[in-house]
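A structural walkthrough
This is what each chain is made of:
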Amino acid sequence: MADTAIQTRRRGGRARLRLGAAVGRWPLRGAALLYLGLFILLPVAAILQRGFGTGLGNLSSALSSIGAWSAIKLTLILAVLTAIINGCFGTLLAYVLVRIRFPGRSLLSTVVDLPFAVPTLVAGVMLAALYGPGSVVGGWLERHGIHIVDAPPGILLALLFVTLPLVVRSVQPVLLELDLTEEEAARVLGAGQWTTFRKVVFPALRPAITAGSLQALARALGEFGAVVLVAGNIPYKTLTAPVLISQLINQTSYGSTATSGPDEAAAVSALLFGLAFVIVLVTEKFSSRGAGWLKT
Amino acid sequence: MSTTQARERPPQPHASPATPRKFPRRVHRERLVARLLVAVALAYVLVLLLGPLAGIVYYALKSGLGVVGQTISQPDVQHALYLSFLIMLITVIVNTVFGVMVALVLARDRFPGKHLASALVDLPLAVSPVIVGLMAVLLFGRGGWFEPFFAARGIQVIFALPSMVLVTIFISIPFVIREVVPVLQELGLEEEQAAWTLGASKAQTFFRVTLPNIRWGLLYGIALSAARAIGEVGAVLIVSGAIEGKTETATLLILRFFDQFQEQQGYIVALTLAAFSIVMLIGIETFKRKRTREAH
């Protein structure tokens, strides 16, 4: 890259500073690692111990009893759909924002970040307000046989809302740094717009699109706030895994201990957590600087 | 990587150079394609983000400002908003102080297991908030690892403020770190070394050189984590028990209003949070722009 000179200088600098700061390094390092260990590693250990601790046999029996599989299946399907749809539209938005000049471009750029700022539950409320059967738009759709709220499309919209900026913000910086001369070369050699995008631009963007879509996938698998108000939470139909977990836990904290709620909750959680962890590891591979999440 | 692949590909021998007569038509078509792309992008954002935003504004204000004032002045609502802000404030302070420390270690230090530490930082973005809540229950709830310790000292953790703060901290850990690390990496060490060589103490070097240099990235991270903290619902729902007037945050209150079919009030509280988040969004955009300008 262009900052090779800076990097060499920095490397030399680090060696020198290390000698000087050898004493002060340990307290800082210790405090940082203690913070990460206490706040992240410890809770993770607890969930793994509870979820997988009793063996895989118990895990599968806990999963089979309560329609957990159908919830997990629904969550997986919708999350994959979310990742694909926002992979496409997120790339389109990033391309439009970087390459095309039009009035209102910076406003659009701000609006794309809206889901980062708005509470997820409020996102759900917004979708329910616009697409609920009581509203003008929702009522019109209802009369034409399209159910959004309390049906899978509502959940999908909620997941799309929440994950849109992830893909856009992953693709945008790569597109900005992309060398325009390559595209110009392709165009001069007679390639059309579409061919240029497919053969020159897209291959360069592919790692960023993959990383952004994987982040969207992980986020969609675990989303609770945006989903809970629009899904309707009907078991075997619109009940997603995170909502199911919350129901299983709350059931026990309010008395009725007839079912073994926490064990089942821990089983579903352990499975979802495992998926999320794998996605994080794969995403690290795709993000060039090792700092892939939220790299804007 | 993929860009170099595209460069090495031999030029297509049969590509026909554009003749002068064809040129205007091609330009015309491209302008059309650009307009189409912008239109599709805007339509997507309208359906997904702006439409729902308009929906909530309409429904919250439909019955007039009198009802809005009445709702906001209810003691339940005021307490919930106060609690949400309190949790956000504590979370932001903790995550800013420790986030900067972790960022310094991740950007400057080298030690075995650094990649694992980096992956750990990303984990809260991928783990479902509901699972985070369950983790806290497993640690501090009945039969949890630390339950005897805190019970013996008479400290109520679960169903009380401490656990609500803890889960919110977990969820918003990555934002500050992920924004500050790249800034620190691009900054290099020269300025700090200069200060250090001129006899500045460690604290002076940090507060007079490092901190001013990372301030926009840091503020961006703080704004993102504040937005996330005030909107947290899944984890807080599970650990708080949502006790009315006691452990009920603004998001939990919205959830209750919708459960009890007091949708009007739910919309109003949701709009209050949305208004706050839009102020945050403006902050986020400003800090991001300043930070990018600073970095280049």
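Computed from a predicted model, the values in this text were never measured in an experiment. (Residues numbered from 1 in each chain as written. Chains lettered and ligands numbered in written order. Predicted model: local features only at pLDDT ≥ 70, side-chain atom pairs only at ≥ 80, totals over all residues.)

**Structural notes on the overall build of chain A**
Helices and strands together make up the secondary structure of chain A, namely 14 helices and zero strands. The linear arrangement of helices and strands in chain A, starting from the amino end, is α-α-α-α-α-α-α-α-α-α-α-α-α-α. Here the contacts in chain A between residues at least 6 apart in sequence split such that 74% fall between residues at least 24 apart. (Helix = DSSP H or I, 4+ residues; strand = E, 2+ residues; numbered from the N terminus. Contact = placed C-beta atoms within 7 Å.)

**Structural notes on the overall build of chain B**
Looking only at helices and strands, one finds 13 helices and zero strands in chain B. The N-to-C order of helical and strand elements in chain B reads α-α-α-α-α-α-α-α-α-α-α-α-α. Against the globule reference of 19 Å for 296 residues, chain B gives a C-alpha radius of gyration of 25 Å, more extended than a compact globule. With 296 residues in all, chain B has 45% of them scored as buried. (Rg over C-alpha atoms; globule rule 2.2 N^0.38 Å. Buried ≥ 20, exposed ≤ 12 C-beta atoms within 10 Å, placed from the backbone.)

**Remarks on the domain arrangement of chain B**
All names here are of chain B. On domain assignment, one finds that chain B holds domain 1 (23-62) and domain 2 (66-295). Relative to domain 2, the C-alpha centre of domain 1 lies at a distance of 33 Å. Considering only residue class, the side of domain 1 that touches domain 2 consists of five nonpolar, no polar and no charged. (Domains from an automatic or database assignment. Nonpolar A, V, L, I, M, F, W, Y, C, P; charged D, E, K, R; others polar.)

**So, the nonpolar core**
The biggest cluster of nonpolar side chains holds 181 residues, and the ones touching the most others in it are A:Val125, A:Ala158, A:Phe161, B:Ile56, B:Val102 and B:Leu134. Among the elements that take part in this core, helix α8 (residues 161-187) of chain B stands out by supplying 15 residues, more than any other. In this structure B:Leu134 touches A:Ile47, A:Ile245, A:Ile249, A:Ala265, A:Ala266, A:Ser269 and B:Ile238, once residues within four positions along its chain are discounted. (Core = buried A, V, L, I, M, F, W, Y, C linked by C-beta atoms within 7 Å.)

**What about the confidence of the model for chain A?**
Atomic detail in the predicted coordinates should be set aside for any region of low pLDDT. Residue and element names in this part refer to chain A. For chain A, the mean per-residue pLDDT works out to 81, and 81% of the residues sit at or above 70. Model confidence for chain A, summarised as mean pLDDT per element, is weakest for helix α1 (residues 4-20) at 43 and strongest for helix α4 (residues 68-99) at 94. Within the model, pLDDT remains below 50 along residues 1-23, and this stretch shows twelve contacts once partners closer than five positions in the same chain are excluded. Across residues 253-259, where pLDDT falls below 50, the model places four contacts with residues more than four positions away in sequence or in other chains. (pLDDT = per-residue confidence, 0-100.)

**Focus: the environment of B:Gly141**
All names here are of chain B. Relative to the helices and strands, Gly 141 resides in the loop between α6 (129-140) and α7 (147-152). Along the chain, Gly 141 and Val 239 lie 98 residues apart, while their C-alpha atoms are 8.6 Å from each other. Filtering out sequence-adjacent residues up to four positions away, Gly 141 remains in contact with Glu 147 and Ile 158.

**Looking at the domain arrangement of chain A**
Interface size is often expressed as the accessible area that is lost when the parts come together. Residues and elements named next belong to chain A. For chain A, the assigned domains read domain 1 (22-53) and domain 2 (63-286). A separation of 29 Å is found between the C-alpha centroids of domain 1 and domain 2. Across the boundary between the two partners, domain 1 contributes five residues, which contact five residues of domain 2. A per-class count over the side of domain 1 that touches domain 2 returns three nonpolar, one polar and one charged.

**Quick word on helix α7 (residues 120-131) of chain A**
Here α7(A) spans 16 Å end to end across twelve residues, near enough to the 16 Å set by a 1.5 Å rise per residue. Buried residues of α7(A): A:Thr120, A:Leu121, A:Val122, A:Ala123, A:Gly124, A:Val125, A:Met126, A:Leu127, A:Ala128, A:Ala129, A:Leu130 and A:Tyr131, and no others. (Expected span 1.5 Å × (residues − 1).)

**Some details on the packing of α4(A) against helix α11 (residues 193-222) of chain A**
Two quantities define a packed helix pair, namely the angle between the axes and the distance from one axis to the other. Residue and element names in this part refer to chain A. Put simply, α4 and α11 touch, their axes get as near as 8 Å, and they point 145° apart. Classified by chirality, the crossing of α11 by α4 is right-handed. Between α4 and α11, the contacting residues are Thr 75, Leu 78, Ala 79, Val 80, Thr 82, Ala 83, Asn 86, Gly 87, Gly 90 and Thr 91 on the first element and Leu 205, Ile 209, Gly 212, Ser 213, Ala 216, Leu 217, Ala 220 and Leu 221 on the second. Each residue belonging to the contact of α4 with α11 can be placed in one class, and the counts come to ten nonpolar, eight polar and no charged. (Axes fitted to C-alpha atoms, helices over the stretch in contact; angles between N-to-C directions. Left-handed = near helix turned anticlockwise from the far one by under 90°.)

**Quick notes on the interface of chain A and chain B**
In this assembly, 91 residues from chain A lie in contact with 96 residues from chain B. Class assignment of the residues belonging to the side of chain A that touches chain B gives a composition of 62 nonpolar, 15 polar and 14 charged.

**Here's the deal with the environment of A:Phe286**
All names here are of chain A. Here Phe 286 lies in helix α14 (residues 261-286). What makes Phe 286 partly exposed here is the crowd of 18 C-beta atoms within 10 Å. The spacing of Phe 286 and Thr 91 is 195 residues in sequence and 16 Å in space, taken between C-alpha atoms.

**A few points about the packing of α8(B) against helix α10 (residues 202-230) of chain B**
Residue and element names in this part refer to chain B. α10 packs onto α8 with a crossing angle of 165° between their chain directions and a minimal axis gap of 8 Å. It follows that α8 is roughly antiparallel to α10 by the angle criterion. Of the two possible hands of crossing, α8 and α10 adopt the one that is right-handed. Contacts between α8 and α10 pair Thr 168, Ile 171, Ser 172, Phe 175, Val 176, Arg 178, Glu 179, Val 180, Val 183, Leu 184 and Leu 187 from the former with Asn 213, Ile 214, Gly 217, Leu 218, Tyr 220, Gly 221, Ile 222, Leu 224, Ser 225, Arg 228 and Ala 229 from the latter. Split by residue class, the contact of α8 with α10 holds 13 nonpolar, six polar and three charged. (Parallel < 35°, antiparallel > 145°, perpendicular 65-115°, else oblique.)

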